[in-house]
Amino acid sequence: MNILTTRATLVALSVLTLVALTASSSAQQQMAPAAPAPSTPVAQQQTAPAAPQPPAEATTPAQSPSAAAPVASQGTQDVSAAPAEGEGKKSATIAGLKELSPWVMFWNADIVVKAVMIGLAFASLVTWTVFIAKMIELTVVQRKLRAALAKISDVRSLAEAQFALGAKGSVLSTLIAAAMREGRLSAGISSDAGIKERAASSFAEIVRAEGRRIRVGMGLLATIGATSPFVGLFGTVWGIMNSFIGISKSQTTNLAVVAPGIAEALLATAIGLVAAIPAVIIYNHFSRVTKGYLELVGRASGAAARLLSRDLDRTNVSVTGGAHSRAAAE
């Protein structure tokens, strides 16, 4: 039994030795390609892709969640970008509506509406120019005429009145000069009534001429006040017509499309009212002021007529006194 056991042990040891040698040789064969790597580049190129294959296959399932993550995040960004884009368009529309200032609307208006606006702006400029000019003119002539009437309130003849007024160009000076000219031209005529009648005719012509002169520019104010609203309405109608044409072409009723054209059209009406309302007010004011001035001119005409009548009566008295003295001497 001991011999059999010993033999079995030797056989087992020999088998284990052969298995160990076989394992070491196979391990050396597997490690052999890595040793000649520096001297054999071709083998390295062939074995290099083979080595990472197991990790690539192993990591493919691990990379799939990470690849899915960007797709999911991209979808989330697209979903969130849609409301952001809508808000951007809305804010752009609101910003466009806020930019509808009168100056921007003027430059964006149609050429016809723009011409109407320019014409109405020019009419408004003319209105205020006439207002300033007429206000200065009426103030000056009224002050001058009142001062002239105060100067001749105590004079006794046309000569004294002319001397008191001097060379100042008031309407009273013109009336005094007309009375003296009529008295000079009617020298030798005994009819005082004829002289007064002719002088009154000259005074009426001077008063009418002064009334026409002082009303210069008021007709322009009346025209602007009467026609400016209708001119602005024409611009409004034209602009709204163009807006409806733009709506039909764009096939949309969006406020951003409709509002600018309508706003530009309404701006023409606004400018028309801006030109018309001051023109009407200024015209009514100047009508009252002109009426008061013409009353002063009427007073001046009456003062000149009274002075002429005094001179004629004084001349008649002197002529009658001379005749009586000659008769008494005879």
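Note that the coordinates shown come from a computational prediction; the quantities given were computed from them, not determined experimentally.

1. Points about the overall build of the chain
In terms of helices and strands, the chain carries 10 helices and 0 strands. Written out in order from the N terminus, the α and β elements of the chain read α-α-α-α-α-α-α-α-α-α. Residues counted as buried form 26% of the 330 residues belonging to the chain. Sequence-distant contacts, at least 24 apart, represent 81% of the contacts inside the chain between residues at least 6 apart. About 21,300 Å² of surface is accessible on the chain, with carbon and sulfur atoms providing 67% of the total.

2. What to know about the environment of A179
With respect to the helices and strands, the residue A179 is situated in helix 7 (residues 171-185). In this structure the C-alpha to C-alpha distance between A179 and S301, which are 122 residues apart in sequence, comes to 9.8 Å.

3. Here's the deal with the nonpolar core
Grouped together as the largest cluster of nonpolar side chains are 41 residues, with contacts concentrated most on L145, I152, L172, I176, F203 and Y293. Of all the secondary-structure elements, those providing two or more residues to this core are helix 5 (111-151), helix 6 (158-165), helix 7, helix 8 (192-214), helix 9 (218-250) and helix 10 (255-329). In this view, L145 contacts V171, L172, Y293, L296, V297 and A300; residues no more than four positions away in its chain are not counted.

4. A look at the packing of aromatic side chains
One pair of aromatic rings is described through two measures. These are the centre distance and the angle between the planes. Scanning the model with the defined rule gives 3 aromatic pairs in all. Aromatic side chains W128 and F131 sit 5.8 Å apart centroid to centroid with 85° between the ring planes, which places their arrangement in the edge-to-face category. Residue W128 and its partner F131 are both found in helix 5; the two are separated by 3 residues, about one turn of the helix. The partly exposed category is assigned to W128, whose relative accessible area is 42%. Through successive ring pairs, a cluster of aromatic residues spans W128, F131 and F286.

5. Notes on the packing of helix 7 against helix 8
Relative to each other, helix 7 and helix 8 sit at 155°, their axes nearing to 10 Å. Judged on the interaxial angle alone, helix 8 and helix 7 are roughly antiparallel. Two packed elements cross with a definite hand, and for helix 7 against helix 8 that hand is right-handed. Packed against helix 7, whose contacting residues are V171, T174, L175, A178, A179 and E182, the element helix 8 presents I195, R198, A199, F203, I206 and E210 at the interface.

6. Here's the deal with the confidence of the model for the chain
Averaged over every residue, the pLDDT of the chain is 73; the share at 70 or more is 63%. Ranking the elements of the chain by mean pLDDT puts helix 2 (residues 41-50) last with 39 and helix 5 first with 92. The low-confidence segment residues 29-84 (pLDDT under 50) makes 1 contact with residues lying over four places distant or belonging to another chain.

7. Notes on the packing of helix 5 against helix 9
The N-to-C vectors of helix 5 and helix 9 enclose an angle of 160°; their axes lie 10 Å apart at closest approach. With respect to their mutual orientation, helix 5 and helix 9 come out roughly antiparallel. Where helix 5 crosses over helix 9, the two elements pack in a sense that is left-handed. Residues V112, V113, V116, L120, A123, V126, T127 and V130 of helix 5 touch helix 9, and the partners they reach there are L220, L221, I224, S228, V231, G232, F234, G235, W238 and G239. Of the residues belonging to the contact of helix 5 with helix 9, the class tally is 13 nonpolar, 5 polar and no charged.

8. Brief notes about the side chain of S124
With respect to the secondary-structure elements, S124 resides in helix 5. Excluding anything up to four places from it in sequence, S124 contacts V274 and A275.

9. Overview of the pattern of salt bridges
Tallied over the entire structure, the rule returns 5 salt bridges. The partner of E182 in a salt bridge is R198, and the shortest N-O contact between them spans 2.8 Å. Pair noted here: E182 is in helix 7 and R198 is in helix 8, with a separation of 16 residues, a long-range link. Residue classification places E182 among the buried positions, given a relative accessible area of 10%. One salt bridge in this structure joins E210 and R213, with 2.5 Å as the shortest N-O distance. With E210 and R213 both in helix 8 and 3 residues apart, this pair spans about one turn of that helix. By relative accessible area, which is 37% here, R213 ends up partly exposed. Several salt bridges share partner residues, and in doing so they unite K134, E137, E210 and R213 into one network.

About the cut-offs
- Residues numbered from 1 in each chain as written.
- Predicted model: local features only at pLDDT ≥ 70, side-chain atom pairs only at ≥ 80, totals over all residues.
- Heavy atoms only, no water.
- Helix = DSSP H or I, 4+ residues; strand = E, 2+ residues; numbered from the N terminus.
- Buried < 20%, exposed > 50% of the residue type's maximum accessible area, 1.4 Å probe, protein only.
- Contact = heavy atoms within 4.5 Å.
- Areas by Shrake-Rupley, 256 points an atom, 1.4 Å probe, with all protein chains shown as cover.
- Core = buried A, V, L, I, M, F, W, Y, C linked by side-chain atoms within 4.5 Å.
- Phe/Tyr/Trp six-rings, centres within 6.5 Å; stacked < 30°, edge-to-face > 60°.
- Axes fitted to C-alpha atoms, helices over the stretch in contact; angles between N-to-C directions.
- Parallel < 35°, antiparallel > 145°, perpendicular 65-115°, else oblique.
- Left-handed = near helix turned anticlockwise from the far one by under 90°.
- pLDDT = per-residue confidence, 0-100.
- Nonpolar A, V, L, I, M, F, W, Y, C, P; charged D, E, K, R; others polar.
- Salt bridge = Lys/Arg side-chain N within 4 Å of Asp/Glu carboxyl O.

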